[in-house]
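Tertiary structure, described
Next come the chains, spelled out residue by residue.
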Amino acid sequence: MENLTNSGLVEANIHNIVVDTVTTLLKKKWINTTSKAYIEYNGIGTHDELLNPEYIQENVEIIKQILNKIKDKAFEEMV
């Protein structure tokens, strides 16, 4: 990831599910790549384990929460 060249800003909110790994600090740099909101959520397990059977239910709940926040915000903007 250090060798990637990223330029410009993302024009969208970034919802980042973070787990403690050796690349956590690099992943947190996403906060500087958006002109909108950057929100972190604590995932369960390591990056490679996020969708493993023993962790998937908790992480699916996190994803559902993110999607509901997006949906609710979109609905508020329509009203």
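Only a predicted model underlies this, so the values are computations on that prediction, with no experimental measurement involved.

1. Comments concerning the overall build of the chain
Each helix and strand counted, the chain has two helices and two strands in total. For the chain, the proportion of its 79 residues judged to be buried stands at 18%. Considering only contacts within the chain whose residues lie at least 6 apart along the sequence, 53% involve residues at least 24 apart.

2. Some details on a nonpolar patch on the surface
A cluster of nonpolar residues, Ile63, Leu67 and Ile70, forms a patch on the protein surface that exposes about 250 Å² of accessible area. Tracing the backbone shows Ile70 in helix H2 (residues 53-78). According to the relative accessible area criterion, Ile70 is partly exposed, its value standing at 41%.

3. As for the environment of Asp20
Here Asp20 lies in the loop between strand E1 (14-18) and helix H1 (24-27). Residue Asp20 is classed as exposed on the basis of its relative accessible area of 72%. It is 8.0 Å that separates the C-alpha atoms of Asp20 and His47, two residues lying 27 residues apart in sequence.

4. Quick look at the side chain of Thr33
Inspection of the secondary structure puts Thr33 in the loop between H1 and strand E2 (38-42). Under the relative-accessibility criterion, Thr33 is labelled buried at 19%. Aside from chain neighbours lying at most four places away, what touches Thr33 is Gly8, Leu9, Val10 and Ile14.

5. Quick word on the environment of Tyr55
Along the chain, Tyr55 turns up in helix H2. Judged by relative accessible area, Tyr55 falls into the partly exposed class, the value being 23%. Taking the C-alpha atoms as reference points, Tyr55 and Gly43, separated by 12 residues in sequence, lie 8.9 Å from one another. For Tyr55, the residues in contact, after removing those within four places along its chain, are Ile44, Gly45, Glu49 and Leu50.

6. Let's talk about the side chain of Asn59
The topology assignment puts Asn59 in helix H2. What Asn59 contacts, discounting residues up to four positions off in sequence, is Gly43, Ile44 and Leu50.

Each value, and the rule that gives it
- Residues numbered from 1 in each chain as written.
- Predicted model: local features only at pLDDT ≥ 70, side-chain atom pairs only at ≥ 80, totals over all residues.
- Heavy atoms only, no water.
- Helix = DSSP H or I, 4+ residues; strand = E, 2+ residues; numbered from the N terminus.
- Buried < 20%, exposed > 50% of the residue type's maximum accessible area, 1.4 Å probe, protein only.
- Contact = heavy atoms within 4.5 Å.
- Patch = residues over 30% accessible without salt bridge, like charges linked within 9 Å, V, L, I, M, F, W, Y side chains within 5 Å.
- Areas by Shrake-Rupley, 256 points an atom, 1.4 Å probe, with all protein chains shown as cover.
- Salt bridge = Lys/Arg side-chain N within 4 Å of Asp/Glu carboxyl O.

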